[in-house]
Amino acid sequence: MTQIDLQTVKDMQKRILELKKVKNAYIIAHNYQLPEIQDVADYVGDSLGMALEAKKTDYPIVVVCGVHFMAETAAILLPDRKVLIPDPNAGCSLADSITAEQLKEWKSKHPDAVVVSYVNTTAEVKSLSDYCCTSSNAVKVVQSIPEDKEILFLPDMYLGMYVKEVTKRENIHIWPGECHVHAKVKPSDIVKAIKENPDADFLVHPECGCTTSCMYMREKQKIDLHILSTGGMVKHIKESDKKKFIVATEIGIIYRLKKETKGEGKEIRPLREDMICEYMKMITIDKLLRTLEEEIYEVKVPPEIAERARLAVERMLQIV
Ligand code: 13P
Ligand code: SF4
């Protein structure tokens with residue numbers, strides 16, 4: 001969007017709040033969304049929280065401020081509702097890293113394996129999966145599967161390696177996908193930050209390229225390092241007595257974290273200022289207003305795909 005002045009943003013927010021009431025619409029936003037979007041949302045959270053919230057709502061219109069797979073997940077759970085996204089082109093590099101065709105081929109090589117798909121996948125990939133998971137319950141989902149069962153874990157290799165390390169399972173095959181925002185975090189970024197901030201807590205999203213090295217460093221050096229989903233980060237900072245936090249995930253979360261801990265004197269900083277997801281940032285306040293005014297863009301999942309994908313998504317929602 002071209003730069004919109006503060007007053008225009010406020011006017012748009014006011015109109016959005018009015019339209020929400022008139023249309024009986026509910027806005028669900030991800031933690032990475034722009035501050036002005038977070039401020040008008042009815043719910044802000046991580047992928048798991050968004051899906052759980054979608055399932056709970058009885059509103060006829062649900063607007064998902066996040067990337068496309070998040071709106072698809074809501075549409076899978078709410079087939080009788082109008083699920084809207086302010087920009088249908090808001091994709092996800094990680095979800096794009098495996099297609100349904102590629103998964104079919106992978107499955108054909110491991111016909112007895114259980115397929116665990118990260119929620120950052122298309123509806124079609126979900127429909128070919130046994131379980132979905134998010135960063136907040138991936139370990140629990142894998143632990144719920146009998147130990148002798150082979151697992152195909154996709155598409156994030158860093159989350160997959162983390163899950164493999166925690167569960168100590170050898171029979172997990174991991175798809176080599178990655179998120180372009182998180183993959184750029186190197187172990188050296190963390191090493192440098194630890195040296196410069198010995199008094200800080202380090203919060204690392206499991207999609208980061210440094211995740212397994214972080215686990216090793218935590219073990220060796222006994223540093224306060226926590227591998228968490230974005231929702232887990234919010235909870236951790238709210239509950240912690242520490243005063244300084246370095247956060248390794250998309251920088252949109254910094255606004256949420258500061259808002260949640262306002263007045264507590266906590267210093268919260270991103271590990272890298274360049275962790276920006278351009279897809280998340282495609283959801284702007286003017287597009288959100290237009291979505292509510294015109295009831296565009298509806299996200300629809302073909303019923304036969306939605307039906308199969310729902311089984312995997314519902315399993316994910318039961319393991320929280
Ligand atoms: P969370 O579920 O932890 O919010 O992660 C979603 C995501 O897209 C991370 O890049
Ligand atoms: Fe996808 Fe990465 Fe953006 Fe998350 S940060 S939505 S995984 S591209």
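Small disclaimer: the values here were computed from a predicted structure and weren't measured.

Cut-offs and rules
Residues numbered from 1 in each chain as written. Chains lettered and ligands numbered in written order. Predicted model: local features only at pLDDT ≥ 70, side-chain atom pairs only at ≥ 80, totals over all residues. Heavy atoms only, no water. Near = heavy atom within 4 Å. Polar contact = N/O pair within 3.5 Å; in protein donor to acceptor, adjacent residues only side chain to side chain. Areas by Shrake-Rupley, 256 points an atom, 1.4 Å probe, with all protein chains shown as cover. 1 Å grid on protein atoms, 1.4 Å probe; cavity = no way out; pocket = protein on both sides within 12 Å on 5 of 7 lines; lining within 4 Å. Sits in = over half its atoms within 2 Å of the grid points. Nonpolar A, V, L, I, M, F, W, Y, C, P; charged D, E, K, R; others polar. Pairing = 2+ DSSP bridges. Helix = DSSP H or I, 4+ residues; strand = E, 2+ residues; numbered from the N terminus. Axes fitted to C-alpha atoms, helices over the stretch in contact; angles between N-to-C directions. Core = buried A, V, L, I, M, F, W, Y, C linked by side-chain atoms within 4.5 Å. Buried < 20%, exposed > 50% of the residue type's maximum accessible area, 1.4 Å probe, protein only. Contact = heavy atoms within 4.5 Å.

With that out of the way, let us pick up the site of ligand 1. Neighbouring ligand 1 are His30, Tyr32, Asp46, Ser47, Asn120, Ser135, His182, His205, Glu207, Ser229 and Thr230. Here Glu207 contributes a side-chain N or O atom positioned 3.1 Å from an oxygen atom of ligand 1. Between ligand 1 and Thr230 there is a distance of 2.5 Å, counted from an oxygen atom to a side-chain nitrogen or oxygen. Taking 300 Å² as the accessible area of ligand 1 by itself, protein coverage stands at 95%. Here ligand 1 is seated within the largest cavity. Looking at the shell around ligand 1 residue by residue, the class counts come to 1 nonpolar, 8 polar and 2 charged.

Quick look at the sheet that holds strand 5 (residues 114-118) now. In spatial order, the strands read 6-5-7-8; together these 4 strands make up an open sheet with parallel pairing. Single-partner strands in this sheet number two, and they are strand 6 (131-133) and strand 8 (172-174). Strand after strand, the sheet turns through a mean of 25° between neighbouring axes, direction not considered. Bridge count between strand 5 and strand 7 (residues 151-154): 4 bridges; the pairing is parallel. The partner of Val115 across the bridge, within strand 7, is Leu152.

Moving on, we come to the sheet that holds strand 10 (residues 225-227). Reading across the sheet, the 4 strands line up as 10-9-11-12 and stay open at both edges, with parallel pairing between neighbours. Each of the sheet's edge strands pairs with one partner strand only, and the pair in question is strand 10 and strand 12 (267-270). The sheet shows a mean angle of 20° between the axes of neighbouring strands, direction not considered. As defined by bridge partners, strand 9 (residues 201-204) adjoins strand 10 across 3 bridges and the pair is classed as parallel. Residue Phe202 lies in a different strand from strand 10, and its bridge partner there is Leu225.

Looking now at the nonpolar core. Grouped together as the largest cluster of nonpolar side chains are 109 residues, with contacts concentrated most on Val116, Phe153, Val163, Ile190, Val204 and Leu288. Beyond its immediate chain neighbours, meaning those up to four positions away, Phe153 contacts Trp106, Val116, Cys133, Ala138, Val142, Leu159, Gly160, Val163, Ile172, His173, Ile174 and Trp175. By size, the runner-up hydrophobic cluster in this structure holds 11 residues, among which are Ile98, Leu103, Val125 and Leu128.

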